[in-house]
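Chain residues, written in single-letter form:
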Amino acid sequence: MGMQEPDHQCPRTFLLLINSTLLALISTLRSLGEFIHQPFQAESESYFPAQIKAHLTKESAWVLEYSVGGCSEQHQTHQQHPETFHLQQVYNSSKDLINPPKNYSKKFAKFLEETDSDWDASTSSALEKAILASGRSGEKRIGSKSVSQQRSGVSLSNSPACSVGSSSSGLGGGLVTTQPEKTSVALSSTEKDASDSTEEDTMNPRKSLDAVNASKKAEEESRMLGEIAKLNTLSIRFQKFKLLLEQPNIDLEQVRKLSWSGIPDEIRPTVWKLLMGYLPCNSDRRDATLSRKRKEYEEHVAQSFPKGKATDEALYHQIHIDVKRTNASIQLYTHPAIREALERVLYCWAIRHPASGYVQGINDLAVPFFHVFLAASVVGNVENTNVDAIPKEAMGNVEADCFWCLTKLLDGIQDNYTFAQPGIQRQISRLKELINRIDAPLFNHLQSQGVDFVQFAFRWMNCLLMREISLKNTIRMWDTYQAETDGFSDFHLYVCAAFLVKWSDKLKKMEFQDIMMFLQSVPTSTWEEKDIEILLAEAFMWKELFHNSPSHLAGSTTNGTS
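The shown structure was predicted, so the numbers you read here are calculated from the model rather than taken from an experiment. (Residues numbered from 1 in each chain as written. Predicted model: local features only at pLDDT ≥ 70, side-chain atom pairs only at ≥ 80, totals over all residues. Heavy atoms only, no water.)

### Observations regarding the overall build of the protein
Here comes step 1: The helix and strand tally for the protein stands at 23 helices and four strands.
Here comes step 2: Classification of the 562 residues of the protein by burial places 48% in the buried group.
Here comes step 3: Put simply, 74% of the contacts in the protein that link residues at least 6 apart link residues at least 24 apart.
Here comes step 4: Summed over its atoms, the accessible surface of the protein is roughly 28100 Å², and 51% of this surface lies on carbon and sulfur atoms. (Helix = DSSP H or I, 4+ residues; strand = E, 2+ residues; numbered from the N terminus. Buried < 20%, exposed > 50% of the residue type's maximum accessible area, 1.4 Å probe, protein only. Contact = heavy atoms within 4.5 Å. Areas by Shrake-Rupley, 256 points an atom, 1.4 Å probe, with all protein chains shown as cover.)

Listed below in structure tokens is the structure:
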């Protein structure tokens, strides 16, 4: 196209004569005078259709452009680039509409008539989809303040906020970009040269690549800063634990407070032994206590397995079957030496507690203790360790420590495993009341579908959610359980309530069969430590609200639709 000073006016008809040839379009542009040199004159707002005005948000800025020659950063004025015709409009919370030239309303009405468009929200949405689907339009955005003083004859490409589209789809092949703070609309000619020029200016590969790289770099820096902050936090927590553990008489209450938010891996074995009451708080007595307890366990094993065989073969066989299924997805627990150690722990406990005996599910409860104590005896990831290389004495100590801590745990919830398991039945009844109080719509839906809480919650109470949550996350959860008073009984109830309510929206859309299948295989495989901490925080909230106010729960079932 020529770059001489124009002698005629720019077009009076608005934008987009798709069926016209390039020659006819340029001729029309040149025949209509010097209109583009004049700034916008304030008139009335009547030209602006109410549908479009309503479509824009008050804080947004929008640009309506019609480009024949394209938008180029090298051409800053109309005199330098006469083929470019821009109409701009700005609307924000502080200013009224800057009004366009005369007859603009007629031009816009004619444009709508010619394109057979009823411009409303649906038209805008359709336009956006059509243009964005083409994948050819580059974009630069413009803020509401940056264009309020610009003249109609100046190309917006000189501004970093220029918005130009070159797609051939949609109404005139323009670009629509809608954001909460900005709304920009660009309508461009379908003339090939103009389209090519627009693409060259707005879709700069180098700039796009630089922007992507800058974004990736910012994300990486943010991630690294987050990791550094996390490491700093862990370091501070570790130092606090270390100072406490170095005291001759440990303040167990302070250890509990620190442990609630998680225990560093390096000192978890020692802290767990303290919290479970296995190790004394006095540092002078610890070594002697450990030596005595480990020797006692060896004696129990010798008594329970005279001549190397179990005295109750039926019981041992049941334990053997359950241990084979325990954490079978983790290679460590498929090793014969690990399985035999767990079998001895469970068998010795059952023989020493005839009132309850062994109940399926206790096998799961031994694993976290065994896992944590074994990690202190190996280097690197305990799950990938070479079990055959672990010294026999170290393995014996892990086994003994696991036995005594498991004993301490089960002593606090033993009625869960006596005849008819009354402790679990009581917990399920309380869970039912709690859900009715916390989430009545979910409770009513489960009731209407004939779902009995015992059908899914029995396993949650019996195995302490170990079959719903990964071993790693269970260990983190047990940090908090041991920091809580009666954490494996009372606090666990509120964890189960928070766990069920977490899936409320999904469950309320399901019928009986889908509900049961979902609750038998809850999607927690991708959970991380932060998910467990959120669950624990919600459980703590419910406990604070209801644990000391049992009357709030006592009448809740009768108040529901059960």
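### Some details on unusual backbone geometry
Here comes step 1: The backbone of Ala 420 sits at a positive phi, close to 70°, despite the residue not being glycine.
Here comes step 2: By the element assignment, Ala 420 lies in the loop between α13 (392–412) and α14 (422–438).
Here comes step 3: The exposed category is assigned to Ala 420, whose relative accessible area is 53%.
Here comes step 4: Even without a glycine there, the phi angle at Gln 421 is positive, about 50°.
Here comes step 5: Topologically, Gln 421 is positioned in the loop between α13 and α14.

### Observations regarding the pattern of salt bridges
Here comes step 1: Going through the model one piece at a time under the given rule, you end up with 16 salt bridges.
Here comes step 2: Of the charged contacts in the structure, one is a salt bridge between Arg 294 and Asp 401, with a shortest N-O distance of 2.9 Å. Within this pair, whereas Arg 294 is found in helix α9 (residues 283–304), its partner Asp 401 is found in helix α13, the two being separated by 107 residues in sequence.
Here comes step 3: Exposure remark for Asp 401: the relative accessible area of 2% places this residue in the buried category.
Here comes step 4: Asp 490 is the partner of Arg 430 in a salt bridge, and the nearest nitrogen-oxygen pair spans 3.4 Å. With Arg 430 in helix α14 and Asp 490 in helix α18 (residues 487–502), this residue pair connects regions lying 60 residues apart in the sequence.
Here comes step 5: Relative accessible area serves as the criterion here: at 24%, Arg 430 is assigned to the partly exposed category.
Here comes step 6: The class of Asp 490 is buried, set by a relative accessible area of 17%.
Here comes step 7: Within this structure, Asp 265, Arg 268 and Asp 479 form a network of salt bridges that share partners. (Salt bridge = Lys/Arg side-chain N within 4 Å of Asp/Glu carboxyl O.)

### Comments concerning the packing of aromatic side chains
Here comes step 1: Inspection of the entire model under this criterion finds 23 aromatic pairs.
Here comes step 2: The side chain of Lys 273 reaches across the aromatic face of Phe 373, ending 5.1 Å from its centre.
Here comes step 3: Sitting over the face of the ring of Trp 404, Lys 293 holds its NZ or CZ atom 4.2 Å from the ring centroid. (Phe/Tyr/Trp six-rings, centres within 6.5 Å; stacked < 30°, edge-to-face > 60°. Lys NZ or Arg CZ within 6 Å of the ring centre and 35° of its normal.)

### Description of helix α16 (residues 454–462)
Here comes step 1: For α16, every residue scored as buried is listed here: Phe 456, Ala 457, Trp 460, Met 461 and Asn 462.
Here comes step 2: Of the surrounding elements, those touching the buried residues of α16 are α12 (362–375), α14, α18 and α20 (512–520).
Here comes step 3: Phi turns positive, to about 55°, at Leu 464, one or two residues after α16.

### Looking at the side chain of His 353
Here comes step 1: Note on placement: His 353 falls in the loop between α11 (336–352) and α12.
Here comes step 2: Looking at His 353, the relative accessible area reads 13%, which means it is buried.
Here comes step 3: A polar contact is formed between the side chain of His 353 and the backbone oxygen of Trp 349, at a distance of 2.9 Å.
Here comes step 4: With residues up to four places along the chain from it excluded, the contact list for His 353 reads Thr 407, Asp 411 and Gln 414. (Polar contact = N/O pair within 3.5 Å; in protein donor to acceptor, adjacent residues only side chain to side chain.)

### A few points about the confidence of the model for the protein
Here comes step 1: When pLDDT is averaged across the protein, the result is 73; 61% of the residues are at 70 or more.
Here comes step 2: The low-confidence segment residues 1–21, where pLDDT is below 50, has 71 contacts with residues more than four positions distant or belonging to other chains.
Here comes step 3: Segment residues 33–195: pLDDT under 50, and 346 contacts once partners within four positions in sequence are set aside and those in other chains are kept. (pLDDT = per-residue confidence, 0-100.)

### Points about the nonpolar core
Here comes step 1: Within the largest apolar cluster, 113 residues are counted, with the highest numbers of intra-cluster contacts made by Phe 369, Phe 370, Leu 406, Trp 478 and Leu 500.
Here comes step 2: Here this core gets eleven residues from one element, more than from any other, and that element is α13.
Here comes step 3: When sequence neighbours within four positions are dropped, the list of residues in contact with Leu 406 reads Val 345, Leu 346, Ile 362, Leu 365, Ala 366 and Phe 369. (Core = buried A, V, L, I, M, F, W, Y, C linked by side-chain atoms within 4.5 Å.)

### A few points about the packing of α16 against α20
Two measures define how a pair of helices packs: the angle their axes make with one another and the distance between the axes.
Here comes step 1: Interaxial distance between α16 and α20 falls to 10 Å at its minimum, and their mutual angle equals 5°. Taken together, α16 and α20 sit at an angle that is classed as roughly parallel. Across the interface between the two elements, Gln 455, Phe 456, Arg 459 and Trp 460 of α16 pack against Phe 512, Met 516, Leu 519 and Gln 520 of α20.
Here comes step 2: Broken down by class, the residue content of the contact of α16 with α20 amounts to five nonpolar, two polar and one charged. (Axes fitted to C-alpha atoms, helices over the stretch in contact; angles between N-to-C directions. Parallel < 35°, antiparallel > 145°, perpendicular 65-115°, else oblique. Nonpolar A, V, L, I, M, F, W, Y, C, P; charged D, E, K, R; others polar.)

### Comments concerning the environment of His 335
Here comes step 1: Relative to the assigned elements, His 335 resides in the loop between α10 (313–324) and α11.
Here comes step 2: Taking relative accessible area as the criterion, His 335 reaches 22% and is therefore assigned partly exposed.
Here comes step 3: The sequence separation of His 335 and Lys 324 amounts to eleven residues, and the corresponding C-alpha distance is 9.8 Å.
Here comes step 4: Setting aside its immediate chain neighbours within four residues, His 335 contacts Val 387 and Asp 388.

### Focus on the environment of Leu 410
Here comes step 1: Its place among the elements puts Leu 410 in helix α13.
Here comes step 2: Residue classification places Leu 410 among the buried residues on the basis of a relative accessible area of 0%.
Here comes step 3: Setting aside chain neighbours within four positions, we find Leu 410 in contact with Trp 349, Ile 362, Leu 365 and Tyr 417.

### Some words on α18
Here comes step 1: The largest bend in α18 amounts to roughly 30° and is located at Leu 493.
Here comes step 2: Of all 16 residues in α18, 14 are buried, a share of seventy percent or more. (Bend = angle between axes of the 7 residues up to and from the residue.)

### Examining the environment of Pro 368
Here comes step 1: By secondary structure assignment, the location of Pro 368 is in helix α12.
Here comes step 2: C-alpha of Pro 368 to C-alpha of Leu 471: the two residues are 103 residues apart in sequence and 7.1 Å apart in space.
Here comes step 3: Among all residues touching Pro 368, those that are not within four sequence positions of it are Trp 272, Met 466, Leu 471, Thr 474, Ile 475 and Trp 478.

### A closer look at the state of the cysteines
Here comes step 1: Evaluation of the coordinates by the stated rule reveals zero disulfides.
Here comes step 2: Left unpaired, Cys 402 is separated from the closest cysteine sulfur, that of Cys 405, by 7.7 Å. (Disulfide = S-S within 2.5 Å.)

### Quick notes on the side chain of Glu 484
Here comes step 1: Relative to the elements of secondary structure, Glu 484 occurs in the loop between α17 (471–483) and α18.
Here comes step 2: By relative accessible area, which is 12% here, Glu 484 ends up buried.

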